[in-house]
Amino acid sequence: MTSRIKFTNKFGFIAAAAGSAVGLGNVWKFPFEVGKGGGSAFLIMYILFCFVLCFPIMVTEIAIGRRAQKSAAMAFTPLGHRGWSWVGALGVFCGILILSFYNVVAGWVLGYFVEMLLGNFDIGQHFTEYVSDIATVSGYTIAFLITTSFIVLQGVTKGIEKANKIMMPGLLAIMLFLVAYALTLDDAMKGIAFYLVPDFSEININVIYRALGQSFFSLSLGLGAMMTYGSYLSRNEDIIFASALTTLTDTMVAFLAGLMIFPFVFSQGIPPEGGPGLVFMTMPGIFKSMGPTLGIMIGSLFFLLLSFAALTSTISLMELPTAFMVDKYNIKRKNAVIYSTILIFIVGIPSMLSNGYSGFFTRFITYIGADTPVSFMDFVTDIASNTLLPFGGLMVCIFSIYVWKRRKLFRELTHGNENFTKTFIARYISFTLQYIAPPVLGAIFIITVLEIFFGVNIF
Ligand code: TRP
């Protein structure tokens, strides 16, 4: 077997993993989910899920990938048996679904970058018209998709490492600046209170379900993205350290995004439960309030850095179908990228149309009991990220404990961390994988499938 291309060092891997994790999930999706989920109630559940459940699953995914030396869809067979390969295939399918709508939102971000450069700060009030303009949206979406394909073509271990070292700290810096600015605005404290003052009464099954989905989505877990990256990681590196740093960075960026957005939302009197448009409706007005010069500078820089964060995420998603085709059918990487791109574009068309352009896709479905119709894009988000990702995580736990076996998982984790088995973290990971994750993920999966998709009222 030829040995796989590897990341050149520890930070190359961490940059790629953190780059995959930090993206629109943190700055676009997280705030509107918090807004819909009643603020602090959602935040509490989200943080709990990230550290208690997701961190051990991330460690396990990376370990499986590194041990198998195969991308996600092919990793289960060598470590277990062929009966598990459907889990990998489901991951590839789910990755294509996620990418299909992710690209569209990334297209909006790219478009907003241009609008900010032009000083068009009133775009926030015209968000609905903007996203229903199919010519503009499809142009940016295609531009973004092609950029992703181009980088995936070079291979994930090259290229992005260097750029990431500048862009990621850049995004953090600009967000810190915006948080400081946010705190000086009128009504900022209302936003902070909504976000941070604990209100346990708001926690219900829907909040739990969405917070769980969000934690998987934000940490890029549940479909094998981290597994695929793990297959490019050398055995001298410490998986625990890399996972911990990735989890911490990602959670911190999401937390900062909330700290920035909610004062902005409340100071402009925008309803926090506004859904996927929240960030796009909120930010331009804030840049406007900075005056034209500073507004254009900060505004365009913000959307540029966010586009880049989105790019390092789409790369990890596109790597899934690409690596799958290369590993399974032995075709050239270039052809695999071309097929993936075409497929993702086609699957993404309904999402592109579902924000006002086509009435059918905009009001695609009315969930039983929901009073507002759900767009195709929101529907796919629900299926793919809130339901299938935690389900994939459940399968990873069961696989690692009952099929691959904990002993072998732990042996893999000691490569790069010799004393691992003696640490507290080892006990904690073992406990979570066996006793916490399976019942929690299993119960939430069953309850939500029954409640949301079949309209059964359990609570
Ligand atoms: N985590 C990314 C974000 O927050 C999105 C993402 C990239 C993702 N790769 C993934 C989500 C794999 C689930 C699985 O923007």
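On a predicted model such as this, the values are computed, not experimentally measured, just so you know.

Visitor: Whenever I open this one, the pattern of salt bridges confuses me. Can you help?
Guide: Opposite charge on two side chains permits pairing when their charged atoms draw close. Using the criterion set out here, one finds nine salt bridges in the structure. With a closest N to O distance of 2.8 Å, Arg 210 and Glu 33 form a salt bridge. Within this pair, whereas Arg 210 is found in helix 10 (residues 205-218), its partner Glu 33 is found in helix 2 (residues 24-36), the two being separated by 177 residues in sequence. In this pair, the class of Arg 210 matches that of Glu 33, namely buried.

Visitor: Hey, could you run me through the packing of helix 4 (residues 72-79) against helix 14 (residues 292-329) in this one?
Guide: For any two helices packed against each other, one specifies the crossing angle of their axes together with the interaxial distance. Between helix 4 and helix 14, the shortest axis-to-axis distance is 7 Å and the interhelical angle comes to 50°. When the interaxial angle is binned, helix 4 and helix 14 end up oblique. Of helix 14, the residues touching helix 4 (which contributes Ala 72, Ala 73 and Met 74) are Leu 320, Phe 324, Asp 327 and Lys 328. Of the residues that constitute the contact of helix 4 with helix 14, the class distribution is five nonpolar, no polar and two charged.

Visitor: Any chance you could explain the packing of aromatic side chains here in plain terms?
Guide: For any pair of aromatic rings, the description consists of the separation of the ring centres together with the inter-plane angle of the planes. In this structure the tally under the stated criterion is 28 aromatic pairs. Here the aromatic rings of Trp 108 and Phe 280 are separated by 5.4 Å at their centres, their planes lie at 80°, and the arrangement is edge-to-face. Linking Trp 108 in helix 5 (residues 85-117) with Phe 280 in helix 13 (residues 278-289), this pair joins segments that are 172 residues apart in sequence. Using a relative accessible area of 1% as the deciding quantity, one classes Trp 108 as buried.

The rules behind each value
Residues numbered from 1 in each chain as written. Predicted model: local features only at pLDDT ≥ 70, side-chain atom pairs only at ≥ 80, totals over all residues. Heavy atoms only, no water. Salt bridge = Lys/Arg side-chain N within 4 Å of Asp/Glu carboxyl O. Helix = DSSP H or I, 4+ residues; strand = E, 2+ residues; numbered from the N terminus. Buried < 20%, exposed > 50% of the residue type's maximum accessible area, 1.4 Å probe, protein only. Axes fitted to C-alpha atoms, helices over the stretch in contact; angles between N-to-C directions. Parallel < 35°, antiparallel > 145°, perpendicular 65-115°, else oblique. Contact = heavy atoms within 4.5 Å. Nonpolar A, V, L, I, M, F, W, Y, C, P; charged D, E, K, R; others polar. Phe/Tyr/Trp six-rings, centres within 6.5 Å; stacked < 30°, edge-to-face > 60°.

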